[in-house]
Structure formats: structure tokens, C-alpha cells
Amino acid sequence: SRLIITSSAGRLNSSSTPQLLAKSPAIKPAFTKPAGKFWYRRYALFSRFDSGIQLDEESWYSVTPELAAAHIATRLAAGAQGGPNAYGRLWVDAFAGAGGSAIQLALHDPTGLVLAVDIDPRKVAMACHNAKLYGVAKQIEFIVGDF
């Protein structure tokens, strides 16, 4: 996987990205345990939650649950040119957040490429980490930018 940071003018800056993520404590995702119903639904959000899934406070209620994201990925693949058995497509998750939809798109098109875009570098770092836990990080380009 590769992380790209864009400015509001659209200029790419991928050379300083590893240093930015490594040196800035503000970008490290923090685990926050939510109250009540969200904690009890953690396995609906990510079946591999116990493998080390990272979510921040907002992601607990904004990430697409895994079964819903898988269903959407299946429907998108079925409706795309070439039908459900055509692989190698380019997918865009314009508001990637913690990566729930991007991960499922990558799982449903093993030869495709997913562009996961989010304006928050912490969320992009979480999405990258979560994609590694599902073994699909190499199929996803993570972009910090305003879509």
C-alpha cells in the first residue's frame, strides 16, 4: 500500500508521507471504547475486530458494517461492465474513514485497485492498518485529500 497526501490545490506529496506518519503523534490512531450498543456491535463492524482493528470515536458509528459493505461490493461488481466475474477494475471509496468499504471492494475484486480517499490523515492511517489485517493493503492506494 502507498499513502498519498494532497493539498487543497490537488498537488500530490507522497515523498514526505512516511515521515509524517512516523513522527507526528497527532496522526497515530487512538483506540476508544464506545458506550453501549456500538461496543456490542464491534464484530458486525469488522469480523476480525480482535485482530487489532483500529477505530476512533467517530468511526464507531460511521463505518459501514462488514456485511453491508460486502453486499454493496457484490452488487457493484455484478452491475459493472463485464458482470460479476470481470476483475481488475478501479474502485473509489471517496470517504474511506476506517476502511470498511475499501476493504470489502478489495476482497471482492482481488485483481482490482481501490482508491481510498479521506481528508483526515488519522482515519487514512487506521484504514491502512485495518486493510493489512484483512490482507488487502497492497490492493488499496490510501490518499489523504479533500475529494
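Residues numbered from 1 in each chain as written. Predicted model: local features only at pLDDT ≥ 70, side-chain atom pairs only at ≥ 80, totals over all residues. Heavy atoms only, no water.

So, on to helix α5 (residues 66–79). Side chains of residues three or four places apart in an α-helix project in the same direction, reflecting 3.6 residues per turn. The end-to-end C-alpha separation of α5 is 20 Å, in line with the 20 Å expected for 14 residues at 1.5 Å each. Here α5 has its buried residues at E66, A69, A70, A73 and A77. Projection of α5 onto a plane perpendicular to its axis shows the buried side chains occupying an angular sector of 100°, all on one side. Opposite its buried face, α5 presents the exposed residues L67, R75 and G79, each directed more than 90 degrees away. (Helix = DSSP H or I, 4+ residues; strand = E, 2+ residues; numbered from the N terminus. Expected span 1.5 Å × (residues − 1). Buried < 20%, exposed > 50% of the residue type's maximum accessible area, 1.4 Å probe, protein only. Arc of directions from axis to C-beta.)

Quick look at the environment of L67 now. Turning to its location among the elements, L67 is positioned in helix α5. When the C-alpha atoms of L67 and S101 are compared, they prove to be 10.0 Å apart, with 34 residues separating the residues in sequence.

For strand β5 (residues 140–144), the tally of buried residues reaches five of five residues, placing the bulk of the element in the interior. Side chains I140, F142 and V144 project from β5 onto one buried face, and the interleaved E141 and I143 project onto a second face that is buried too. Relative to β5, strand β4 (residues 113–118) runs parallel, the two sharing five bridges. Note on β5: the bridge partner recorded for L115 is E141. (Pairing = 2+ DSSP bridges.)

A few words on the confidence of the model for the protein chain. Across the protein chain, the average pLDDT comes to 81, with 73% of residues at 70 or higher. Taking the mean pLDDT of every element in the protein chain, the minimum, 41, falls on helix α1 (residues 17–23) and the maximum, 97, on β5. The low-confidence segment residues 7–27 (pLDDT under 50) makes 21 contacts with residues lying over four places distant or belonging to another chain. (pLDDT = per-residue confidence, 0-100. Contact = heavy atoms within 4.5 Å.)

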